[in-house]
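Listed below, chain by chain, are the residues.
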Amino acid sequence: KKQAKRDFQRALHSKSKEIRAKAYIGLGDVLCTNPKFVHQAFEKYRFALDVDPSCKEASYALAKAGMEYAQTVGYRVAAKTLVDLICLDPGYKDAYRLWREKILDKTEDEIRRVDQTLESYLAAHPDSAAWRLDLAWDRFELGAPEQALETLTCLKEQNPDYNSPSIPLLEARCRLELGDTLSFQKLYEKAVETARETGDFSQLFVDAETIFTPGDYEKWEKLPDNRARAVFLRTFWQNINPDKLKESNPRLAEHYIRLRHAEKNYRLQMPHSPYQAKQSANILLSFQSQAVEYKSEIFFNRSRRLALDQRGLLYIRYGAPDLIGDFDYDVNIKQVGHSGRWLNKMTNPAEVWWYGQAPFVFEKLPLAGDFIYRPLQIPGVAGYKAKPGLLLSPVMVTTPPVSGDMMKAMET
(Lines give C-alpha, C1' and ligand atoms only; values in the text may rest on other atoms or scores of the structure.)
Protein backbone atom coordinates (compact mmCIF):
# COMPACT_ATOMS: atom_id res chain seq x y z
CA LYS A 1 0.00 0.00 0.00
CA LYS A 2 2.83 2.40 0.81
CA GLN A 3 4.44 1.78 -2.56
CA ALA A 4 1.08 2.30 -4.28
CA LYS A 5 0.66 5.65 -2.55
CA ARG A 6 4.14 6.75 -3.64
CA ASP A 7 3.45 5.69 -7.22
CA PHE A 8 0.14 7.51 -7.16
CA GLN A 9 1.74 10.75 -5.94
CA ARG A 10 4.45 10.47 -8.60
CA ALA A 11 1.80 10.01 -11.26
CA LEU A 12 -0.11 13.08 -10.04
CA HIS A 13 3.04 15.18 -10.47
CA SER A 14 3.72 13.94 -13.97
CA LYS A 15 4.00 16.48 -16.78
CA SER A 16 1.72 14.27 -18.85
CA LYS A 17 -1.96 15.05 -18.37
CA GLU A 18 -2.76 11.56 -19.65
CA ILE A 19 -0.77 9.96 -16.82
CA ARG A 20 -2.35 12.28 -14.23
CA ALA A 21 -5.81 11.42 -15.55
CA LYS A 22 -4.93 7.69 -15.51
CA ALA A 23 -3.96 7.97 -11.85
CA TYR A 24 -7.34 9.36 -10.88
CA ILE A 25 -9.14 6.79 -13.05
CA GLY A 26 -7.20 4.00 -11.37
CA LEU A 27 -8.10 5.29 -7.91
CA GLY A 28 -11.74 5.55 -8.96
CA ASP A 29 -11.65 1.98 -10.26
CA VAL A 30 -10.31 0.78 -6.89
CA LEU A 31 -13.09 2.60 -5.03
CA CYS A 32 -15.70 1.05 -7.35
CA THR A 33 -14.71 -2.43 -6.22
CA ASN A 34 -16.50 -1.71 -2.94
CA PRO A 35 -20.19 -0.73 -3.30
CA LYS A 36 -19.87 1.51 -0.23
CA PHE A 37 -17.34 3.74 -1.99
CA VAL A 38 -18.83 4.01 -5.47
CA HIS A 39 -20.10 7.52 -4.77
CA GLN A 40 -16.57 8.59 -3.78
CA ALA A 41 -15.33 7.27 -7.12
CA PHE A 42 -17.38 10.01 -8.84
CA GLU A 43 -15.01 12.61 -7.44
CA LYS A 44 -11.89 10.80 -8.70
CA TYR A 45 -13.27 10.40 -12.22
CA ARG A 46 -14.24 14.07 -12.22
CA PHE A 47 -10.68 14.96 -11.16
CA ALA A 48 -9.49 13.01 -14.19
CA LEU A 49 -11.82 15.01 -16.43
CA ASP A 50 -10.62 18.26 -14.85
CA VAL A 51 -7.08 17.25 -15.81
CA ASP A 52 -8.07 16.09 -19.31
CA PRO A 53 -11.60 17.09 -20.39
CA SER A 54 -11.25 15.01 -23.56
CA CYS A 55 -10.43 11.80 -21.66
CA LYS A 56 -13.04 9.38 -22.97
CA GLU A 57 -11.93 6.65 -20.58
CA ALA A 58 -12.72 8.87 -17.59
CA SER A 59 -16.13 9.82 -18.97
CA TYR A 60 -17.02 6.20 -19.63
CA ALA A 61 -15.86 5.14 -16.16
CA LEU A 62 -17.88 7.92 -14.54
CA ALA A 63 -21.01 6.89 -16.46
CA LYS A 64 -20.61 3.23 -15.51
CA ALA A 65 -20.07 4.19 -11.86
CA GLY A 66 -23.23 6.29 -11.95
CA MET A 67 -25.30 3.35 -13.17
CA GLU A 68 -23.66 1.05 -10.63
CA TYR A 69 -24.47 3.51 -7.84
CA ALA A 70 -28.04 3.44 -9.22
CA GLN A 71 -30.75 5.66 -7.74
CA THR A 72 -31.76 8.87 -9.44
CA VAL A 73 -28.59 10.81 -8.67
CA GLY A 74 -26.37 8.07 -10.09
CA TYR A 75 -28.32 7.75 -13.32
CA ARG A 76 -28.44 11.51 -13.72
CA VAL A 77 -24.64 11.58 -13.51
CA ALA A 78 -24.51 8.73 -16.03
CA ALA A 79 -26.96 10.41 -18.41
CA LYS A 80 -25.12 13.73 -18.51
CA THR A 81 -21.73 12.05 -18.85
CA LEU A 82 -22.86 9.68 -21.60
CA VAL A 83 -24.33 12.54 -23.60
CA ASP A 84 -21.02 14.43 -23.33
CA LEU A 85 -19.13 11.31 -24.38
CA ILE A 86 -21.44 10.60 -27.33
CA CYS A 87 -21.02 14.17 -28.53
CA LEU A 88 -17.25 13.69 -28.25
CA ASP A 89 -17.17 10.26 -29.91
CA PRO A 90 -20.49 8.51 -30.72
CA GLY A 91 -18.66 5.28 -31.52
CA TYR A 92 -16.77 4.98 -28.23
CA LYS A 93 -17.26 1.47 -26.81
CA ASP A 94 -20.98 0.91 -26.05
CA ALA A 95 -21.63 4.43 -24.72
CA TYR A 96 -24.42 5.10 -27.22
CA ARG A 97 -26.15 1.80 -26.50
CA LEU A 98 -25.95 2.38 -22.74
CA TRP A 99 -27.54 5.81 -23.07
CA ARG A 100 -30.22 4.60 -25.45
CA GLU A 101 -31.22 1.47 -23.49
CA LYS A 102 -30.40 2.18 -19.83
CA ILE A 103 -31.30 5.84 -19.33
CA LEU A 104 -35.08 6.04 -18.90
CA ASP A 105 -35.33 9.70 -17.89
CA LYS A 106 -33.69 11.34 -20.89
CA THR A 107 -34.39 15.07 -21.03
CA GLU A 108 -35.42 16.80 -24.25
CA ASP A 109 -32.18 18.79 -24.19
CA GLU A 110 -30.12 15.60 -23.92
CA ILE A 111 -32.04 14.00 -26.79
CA ARG A 112 -31.52 17.05 -29.00
CA ARG A 113 -27.78 17.15 -28.25
CA VAL A 114 -27.39 13.47 -29.15
CA ASP A 115 -29.51 13.91 -32.28
CA GLN A 116 -27.29 16.75 -33.51
CA THR A 117 -24.32 14.43 -33.16
CA LEU A 118 -26.21 11.62 -34.89
CA GLU A 119 -26.98 13.84 -37.88
CA SER A 120 -23.30 14.62 -38.34
CA TYR A 121 -22.31 11.00 -37.80
CA LEU A 122 -24.89 9.66 -40.25
CA ALA A 123 -23.73 12.08 -42.93
CA ALA A 124 -20.34 10.32 -42.81
CA HIS A 125 -21.71 6.83 -42.06
CA PRO A 126 -24.88 6.41 -44.15
CA ASP A 127 -24.92 2.65 -43.51
CA SER A 128 -25.80 3.11 -39.82
CA ALA A 129 -29.47 2.33 -40.42
CA ALA A 130 -30.34 1.49 -36.81
CA TRP A 131 -29.09 4.88 -35.64
CA ARG A 132 -31.10 6.65 -38.32
CA LEU A 133 -34.16 4.79 -37.05
CA ASP A 134 -33.33 5.98 -33.52
CA LEU A 135 -33.17 9.52 -34.87
CA ALA A 136 -36.63 9.13 -36.40
CA TRP A 137 -38.07 7.84 -33.09
CA ASP A 138 -36.54 10.79 -31.24
CA ARG A 139 -38.19 13.25 -33.59
CA PHE A 140 -41.52 11.55 -33.05
CA GLU A 141 -41.07 11.64 -29.27
CA LEU A 142 -40.17 15.33 -29.44
CA GLY A 143 -43.47 16.09 -31.17
CA ALA A 144 -42.30 16.36 -34.78
CA PRO A 145 -44.03 13.50 -36.70
CA GLU A 146 -43.43 15.19 -40.06
CA GLN A 147 -39.67 15.27 -39.45
CA ALA A 148 -39.80 11.68 -38.27
CA LEU A 149 -41.45 10.65 -41.55
CA GLU A 150 -38.79 12.53 -43.51
CA THR A 151 -36.08 10.66 -41.61
CA LEU A 152 -37.80 7.35 -42.35
CA THR A 153 -37.92 8.23 -46.04
CA CYS A 154 -34.20 8.94 -45.94
CA LEU A 155 -33.64 5.64 -44.15
CA LYS A 156 -35.47 3.70 -46.86
CA GLU A 157 -33.48 5.45 -49.59
CA GLN A 158 -30.09 5.04 -47.90
CA ASN A 159 -30.67 1.53 -46.57
CA PRO A 160 -33.26 -0.25 -48.75
CA ASP A 161 -32.26 -3.67 -47.41
CA TYR A 162 -32.72 -2.75 -43.74
CA ASN A 163 -35.81 -4.55 -42.49
CA SER A 164 -37.28 -3.82 -39.06
CA PRO A 165 -40.89 -3.81 -37.79
CA SER A 166 -40.09 -0.54 -36.03
CA ILE A 167 -40.05 1.23 -39.40
CA PRO A 168 -43.72 0.63 -40.35
CA LEU A 169 -44.73 0.85 -36.65
CA LEU A 170 -43.17 4.30 -36.28
CA GLU A 171 -44.65 5.40 -39.60
CA ALA A 172 -48.05 4.14 -38.40
CA ARG A 173 -47.80 6.16 -35.20
CA CYS A 174 -46.74 9.27 -37.11
CA ARG A 175 -49.72 8.91 -39.47
CA LEU A 176 -52.05 8.46 -36.52
CA GLU A 177 -50.59 11.55 -34.87
CA LEU A 178 -51.40 13.45 -38.07
CA GLY A 179 -54.97 12.11 -38.09
CA ASP A 180 -54.65 9.46 -40.82
CA THR A 181 -56.22 6.42 -39.14
CA LEU A 182 -56.61 4.43 -42.36
CA SER A 183 -52.88 4.55 -43.12
CA PHE A 184 -52.19 3.77 -39.47
CA GLN A 185 -54.18 0.53 -39.72
CA LYS A 186 -52.40 -0.66 -42.86
CA LEU A 187 -48.96 0.21 -41.55
CA TYR A 188 -49.60 -1.54 -38.26
CA GLU A 189 -50.50 -4.69 -40.18
CA LYS A 190 -47.27 -4.30 -42.12
CA ALA A 191 -45.36 -4.01 -38.82
CA VAL A 192 -46.85 -7.30 -37.59
CA GLU A 193 -45.96 -9.02 -40.87
CA THR A 194 -42.40 -7.64 -40.73
CA ALA A 195 -42.10 -8.89 -37.16
CA ARG A 196 -43.14 -12.34 -38.38
CA GLU A 197 -40.40 -12.23 -41.01
CA THR A 198 -37.65 -10.93 -38.73
CA GLY A 199 -38.71 -12.45 -35.39
CA ASP A 200 -38.56 -9.05 -33.68
CA PHE A 201 -41.81 -8.58 -31.75
CA SER A 202 -40.22 -6.57 -28.93
CA GLN A 203 -41.85 -3.18 -29.51
CA LEU A 204 -45.19 -4.57 -30.64
CA PHE A 205 -45.33 -6.67 -27.48
CA VAL A 206 -44.38 -3.78 -25.16
CA ASP A 207 -47.11 -1.63 -26.68
CA ALA A 208 -49.80 -4.30 -26.43
CA GLU A 209 -48.96 -5.84 -23.05
CA THR A 210 -50.27 -2.78 -21.23
CA ILE A 211 -53.79 -4.14 -21.79
CA PHE A 212 -53.07 -7.87 -21.62
CA THR A 213 -54.97 -9.99 -19.10
CA PRO A 214 -53.14 -12.75 -17.17
CA GLY A 215 -54.63 -15.21 -19.66
CA ASP A 216 -53.18 -13.25 -22.57
CA TYR A 217 -49.75 -13.40 -20.94
CA GLU A 218 -49.97 -17.16 -20.53
CA LYS A 219 -50.95 -17.62 -24.16
CA TRP A 220 -48.14 -15.36 -25.40
CA GLU A 221 -45.50 -17.20 -23.36
CA LYS A 222 -46.58 -20.54 -24.84
CA LEU A 223 -46.52 -19.47 -28.50
CA PRO A 224 -44.16 -21.73 -30.44
CA ASP A 225 -42.95 -19.50 -33.28
CA ASN A 226 -43.10 -16.14 -35.06
CA ARG A 227 -46.08 -17.12 -37.17
CA ALA A 228 -48.07 -17.94 -34.02
CA ARG A 229 -47.10 -14.60 -32.45
CA ALA A 230 -48.30 -12.70 -35.51
CA VAL A 231 -51.59 -14.62 -35.48
CA PHE A 232 -51.97 -13.94 -31.76
CA LEU A 233 -51.58 -10.17 -32.16
CA ARG A 234 -54.01 -10.01 -35.06
CA THR A 235 -56.55 -12.13 -33.16
CA PHE A 236 -56.06 -10.14 -29.96
CA TRP A 237 -56.89 -6.82 -31.60
CA GLN A 238 -59.75 -8.31 -33.61
CA ASN A 239 -61.33 -9.79 -30.47
CA ILE A 240 -61.62 -6.34 -28.89
CA ASN A 241 -62.73 -4.67 -32.11
CA PRO A 242 -66.13 -3.10 -31.34
CA ASP A 243 -67.27 -3.56 -34.96
CA LYS A 244 -65.88 -6.81 -36.32
CA LEU A 245 -67.67 -6.41 -39.65
CA LYS A 246 -65.54 -3.42 -40.58
CA GLU A 247 -62.02 -3.73 -41.95
CA SER A 248 -60.73 -0.92 -39.71
CA ASN A 249 -60.29 -1.40 -35.97
CA PRO A 250 -61.05 1.78 -33.97
CA ARG A 251 -60.00 0.05 -30.74
CA LEU A 252 -56.47 -0.43 -32.08
CA ALA A 253 -56.25 3.23 -33.07
CA GLU A 254 -57.73 4.28 -29.73
CA HIS A 255 -55.10 2.23 -27.92
CA TYR A 256 -52.24 4.04 -29.61
CA ILE A 257 -53.90 7.42 -29.10
CA ARG A 258 -54.10 6.64 -25.38
CA LEU A 259 -50.53 5.37 -25.37
CA ARG A 260 -49.31 8.60 -26.94
CA HIS A 261 -51.23 10.69 -24.40
CA ALA A 262 -49.74 8.66 -21.55
CA GLU A 263 -46.23 9.04 -22.97
CA LYS A 264 -46.65 12.80 -23.05
CA ASN A 265 -48.33 13.27 -19.67
CA TYR A 266 -47.66 10.33 -17.34
CA ARG A 267 -44.00 9.45 -17.68
CA LEU A 268 -42.08 8.48 -14.56
CA GLN A 269 -40.16 11.49 -13.32
CA MET A 270 -37.72 9.35 -11.31
CA PRO A 271 -37.66 5.92 -13.00
CA HIS A 272 -34.34 5.05 -11.37
CA SER A 273 -35.43 5.75 -7.80
CA PRO A 274 -35.39 2.79 -5.36
CA TYR A 275 -39.19 2.68 -5.59
CA GLN A 276 -39.17 2.16 -9.35
CA ALA A 277 -35.84 0.52 -10.22
CA LYS A 278 -36.45 -2.90 -8.69
CA GLN A 279 -39.43 -5.18 -8.93
CA SER A 280 -39.24 -6.01 -5.23
CA ALA A 281 -39.22 -2.34 -4.28
CA ASN A 282 -42.11 -1.34 -6.52
CA ILE A 283 -44.64 -1.89 -3.74
CA LEU A 284 -47.62 -0.14 -2.28
CA LEU A 285 -46.75 2.51 0.27
CA SER A 286 -50.04 2.63 2.06
CA PHE A 287 -51.66 2.16 5.44
CA GLN A 288 -53.77 -0.53 3.79
CA SER A 289 -50.99 -2.30 1.87
CA GLN A 290 -50.97 -5.31 4.20
CA ALA A 291 -54.66 -5.92 3.59
CA VAL A 292 -54.54 -5.60 -0.20
CA GLU A 293 -53.36 -8.33 -2.54
CA TYR A 294 -50.65 -6.73 -4.63
CA LYS A 295 -48.38 -8.07 -7.35
CA SER A 296 -45.63 -5.58 -8.00
CA GLU A 297 -44.48 -7.38 -11.16
CA ILE A 298 -47.70 -6.37 -12.93
CA PHE A 299 -46.81 -2.69 -12.64
CA PHE A 300 -43.07 -3.16 -13.02
CA ASN A 301 -43.18 -5.27 -16.17
CA ARG A 302 -45.71 -3.06 -17.93
CA SER A 303 -44.18 0.28 -17.05
CA ARG A 304 -40.44 -0.35 -17.10
CA ARG A 305 -39.65 0.02 -20.78
CA LEU A 306 -42.36 2.60 -21.38
CA ALA A 307 -41.37 4.44 -18.17
CA LEU A 308 -45.00 5.25 -17.36
CA ASP A 309 -46.40 5.80 -13.89
CA GLN A 310 -49.46 3.90 -12.68
CA ARG A 311 -51.82 6.67 -13.79
CA GLY A 312 -50.55 6.18 -17.33
CA LEU A 313 -51.17 2.44 -17.20
CA LEU A 314 -54.73 3.01 -15.97
CA TYR A 315 -55.30 5.61 -18.69
CA ILE A 316 -54.19 3.23 -21.45
CA ARG A 317 -56.52 0.48 -20.25
CA TYR A 318 -59.65 2.53 -19.58
CA GLY A 319 -59.18 5.86 -21.31
CA ALA A 320 -59.65 9.26 -19.74
CA PRO A 321 -61.32 9.24 -16.30
CA ASP A 322 -64.69 10.91 -15.92
CA LEU A 323 -63.12 13.32 -13.46
CA ILE A 324 -59.67 14.06 -12.03
CA GLY A 325 -59.95 15.87 -8.73
CA ASP A 326 -58.07 16.98 -5.66
CA PHE A 327 -58.00 14.49 -2.79
CA ASP A 328 -58.99 16.86 0.03
CA TYR A 329 -61.88 18.37 -1.91
CA ASP A 330 -63.24 15.25 -3.59
CA VAL A 331 -62.81 12.87 -0.70
CA ASN A 332 -62.61 14.67 2.63
CA ILE A 333 -65.08 17.45 1.91
CA LYS A 334 -67.27 16.35 -0.97
CA GLN A 335 -68.05 12.97 0.68
CA VAL A 336 -69.45 11.46 -2.45
CA GLY A 337 -72.60 9.37 -1.80
CA HIS A 338 -72.05 8.49 1.86
CA SER A 339 -71.69 10.00 5.32
CA GLY A 340 -68.26 8.62 6.17
CA ARG A 341 -64.81 9.98 5.48
CA TRP A 342 -61.70 8.34 4.13
CA LEU A 343 -59.50 6.87 6.84
CA ASN A 344 -56.23 8.25 5.48
CA LYS A 345 -54.99 11.82 5.51
CA MET A 346 -52.93 12.97 2.53
CA THR A 347 -50.01 15.29 3.26
CA ASN A 348 -48.48 15.07 -0.23
CA PRO A 349 -49.84 16.07 -3.66
CA ALA A 350 -52.58 13.63 -4.63
CA GLU A 351 -55.10 13.03 -7.39
CA VAL A 352 -58.39 11.15 -7.41
CA TRP A 353 -59.35 9.57 -10.72
CA TRP A 354 -63.06 8.79 -10.95
CA TYR A 355 -64.44 6.14 -13.30
CA GLY A 356 -68.17 6.31 -12.67
CA GLN A 357 -68.30 6.10 -8.88
CA ALA A 358 -65.06 4.10 -8.56
CA PRO A 359 -62.23 6.30 -7.21
CA PHE A 360 -58.53 5.63 -7.73
CA VAL A 361 -56.24 7.65 -5.45
CA PHE A 362 -52.65 8.46 -6.47
CA GLU A 363 -50.21 10.17 -4.13
CA LYS A 364 -46.91 11.76 -5.12
CA LEU A 365 -44.44 10.60 -2.52
CA PRO A 366 -41.31 12.76 -2.03
CA LEU A 367 -38.75 9.93 -2.08
CA ALA A 368 -40.41 8.14 -4.98
CA GLY A 369 -40.85 11.34 -6.98
CA ASP A 370 -43.86 9.94 -8.81
CA PHE A 371 -47.57 9.36 -8.29
CA ILE A 372 -48.21 5.94 -6.73
CA TYR A 373 -51.55 4.22 -6.29
CA ARG A 374 -52.84 4.21 -2.70
CA PRO A 375 -55.60 1.70 -1.79
CA LEU A 376 -57.39 3.86 0.76
CA GLN A 377 -60.58 2.67 2.44
CA ILE A 378 -63.93 4.23 3.28
CA PRO A 379 -65.31 3.27 6.70
CA GLY A 380 -68.61 1.41 6.55
CA VAL A 381 -68.67 1.20 2.76
CA ALA A 382 -68.07 -2.19 1.16
CA GLY A 383 -67.38 -0.67 -2.21
CA TYR A 384 -68.86 1.35 -5.03
CA LYS A 385 -69.91 -0.26 -8.26
CA ALA A 386 -68.95 1.74 -11.29
CA LYS A 387 -71.81 2.66 -13.58
CA PRO A 388 -71.21 0.72 -16.82
CA GLY A 389 -70.75 2.97 -19.81
CA LEU A 390 -70.93 6.21 -17.83
CA LEU A 391 -69.09 8.86 -19.83
CA LEU A 392 -66.75 6.21 -21.21
CA SER A 393 -65.23 6.01 -24.66
CA PRO A 394 -67.53 4.38 -27.24
CA VAL A 395 -64.74 1.92 -28.06
CA MET A 396 -64.40 0.80 -24.44
CA VAL A 397 -64.66 -2.97 -24.29
CA THR A 398 -64.67 -3.50 -20.53
CA THR A 399 -66.22 -1.62 -17.63
CA PRO A 400 -64.05 -0.16 -14.87
CA PRO A 401 -63.41 -2.28 -11.78
CA VAL A 402 -65.24 -1.85 -8.50
CA SER A 403 -63.97 0.10 -5.49
CA GLY A 404 -61.00 1.57 -7.30
CA ASP A 405 -59.21 -1.78 -7.10
CA MET A 406 -55.99 -1.25 -9.05
CA MET A 407 -55.20 -4.95 -9.21
CA LYS A 408 -58.54 -5.73 -10.84
CA ALA A 409 -58.02 -2.78 -13.14
CA MET A 410 -54.72 -4.18 -14.37
CA GLU A 411 -56.03 -7.72 -14.80
CA THR A 412 -59.46 -7.07 -16.36
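Quick look at the structure, then. (Residues numbered from 1 in each chain as written. Predicted model: local features only at pLDDT ≥ 70, side-chain atom pairs only at ≥ 80, totals over all residues. Heavy atoms only, no water.)

1. Details of the overall build of the protein
A count of helices and strands for the protein gives 20 helices and four strands. Classification of the 412 residues of the protein by burial places 50% in the buried group. Carbon and sulfur atoms make up 51% of the accessible area of the protein, which amounts to about 20,400 Å² in all. (Helix = DSSP H or I, 4+ residues; strand = E, 2+ residues; numbered from the N terminus. Buried < 20%, exposed > 50% of the residue type's maximum accessible area, 1.4 Å probe, protein only. Areas by Shrake-Rupley, 256 points an atom, 1.4 Å probe, with all protein chains shown as cover.)

2. Some details on the packing of aromatic side chains
In the structure shown here, the tally under the stated rule is 27 aromatic pairs. Both rings, one in Phe 205 and one in Trp 220, keep their centres 5.2 Å apart while their planes meet at 25°; by these two values the pair is stacked. Of the two residues, Phe 205 sits in helix 12 (residues 202-209) while Trp 220 sits in helix 13 (residues 214-221), which places them 15 residues apart along the sequence. You can call Phe 205 buried: its relative accessible area is 17%. Counting every residue linked through ring pairs, the aromatic cluster contains Phe 184, Tyr 188, Phe 201, Phe 205, Phe 212, Tyr 217, Trp 220, Phe 232, Phe 236, Trp 237 and Tyr 256. Geometry around Phe 140 places Arg 260 over its ring, the cationic atom sitting 4.3 Å from the centre. (Phe/Tyr/Trp six-rings, centres within 6.5 Å; stacked < 30°, edge-to-face > 60°. Lys NZ or Arg CZ within 6 Å of the ring centre and 35° of its normal.)

3. Regarding the sheet that holds strand 3 (residues 358-364)
Strand order in the open sheet made by the four strands is 1-2-3-4, with antiparallel pairing throughout. With partners counted over all chains shown, the strands left at the sheet margins are strand 1 (323-326) and strand 4 (371-374), one partner each. When strand polarity is set aside, the average angle formed by the axes of neighbouring strands in this sheet is 30°. Bridging between strand 1 and strand 2 (residues 350-355) involves four bridges; their strand directions are antiparallel. In the sheet register, Leu 323 faces strand 2, and the bridge partner there is Trp 354. (Pairing = 2+ DSSP bridges. Axes fitted to C-alpha atoms, helices over the stretch in contact; angles between N-to-C directions.)

4. Some points on a positive patch on the surface
On the surface, a cluster of positive charge is contributed by Lys 1, Lys 2, Lys 5 and Arg 6. Tracing the backbone shows Arg 6 in helix 1 (residues 2-12). On the accessibility criterion, Arg 6 (47% relative accessible area) is partly exposed. (Patch = residues over 30% accessible without salt bridge, like charges linked within 9 Å, V, L, I, M, F, W, Y side chains within 5 Å. Salt bridge = Lys/Arg side-chain N within 4 Å of Asp/Glu carboxyl O. Lys, Arg positive; Asp, Glu negative; His and termini not counted. Charge placed at Lys NZ, Arg CZ, Asp CG, Glu CD.)

5. Some details on the side chain of Thr 117
Here Thr 117 is to be found in helix 7 (residues 108-124). Discounting chain neighbours no more than four positions away, the residues touching Thr 117 are Ile 86, Cys 87 and Pro 90. (Contact = heavy atoms within 4.5 Å.)

6. What to know about the pattern of salt bridges
For the structure on display, the rule yields 28 salt bridges. Among the salt bridges present, the one from Glu 351 reaches Arg 311, with a minimum N-O distance of 3.3 Å. With Glu 351 in strand 2 and Arg 311 in helix 18 (residues 310-318), this residue pair connects regions lying 40 residues apart in the sequence. The exposure classification of Glu 351 matches that of Arg 311, with both residues buried. Through salt bridges that share partners, Glu 141, Arg 173, Glu 177, Arg 260, Glu 263, Lys 264 and Arg 267 make up one connected network.

7. Considering the packing of helix 15 (residues 250-265) against helix 18
Here helix 15 crosses helix 18 at 160°, and the two axes come no closer than 8 Å. Taken together, the axes of helix 15 and helix 18 are roughly antiparallel relative to one another. Crossing geometry of helix 15 relative to helix 18 is assigned as right-handed. Note on element contacts: helix 18 touches helix 15 through Arg 311, Gly 312, Tyr 315, Ile 316, Arg 317 and Tyr 318, opposite Arg 251, His 255, Arg 258, Leu 259, His 261, Ala 262 and Asn 265. Grouping the constituent residues of the contact of helix 15 with helix 18 by class yields five nonpolar, four polar and four charged. (Parallel < 35°, antiparallel > 145°, perpendicular 65-115°, else oblique. Left-handed = near helix turned anticlockwise from the far one by under 90°. Nonpolar A, V, L, I, M, F, W, Y, C, P; charged D, E, K, R; others polar.)

8. Looking at the nonpolar core
Leu 204, Trp 237, Leu 314 and Phe 360 are the most contacted members of the largest nonpolar core, which totals 51 residues. If you look at the next biggest cluster of nonpolar residues, it comprises 22 residues, including Val 83, Ile 86, Tyr 96 and Trp 99. (Core = buried A, V, L, I, M, F, W, Y, C linked by side-chain atoms within 4.5 Å.)

Interpretation note: all reported values are geometric properties and have no functional meaning in isolation.
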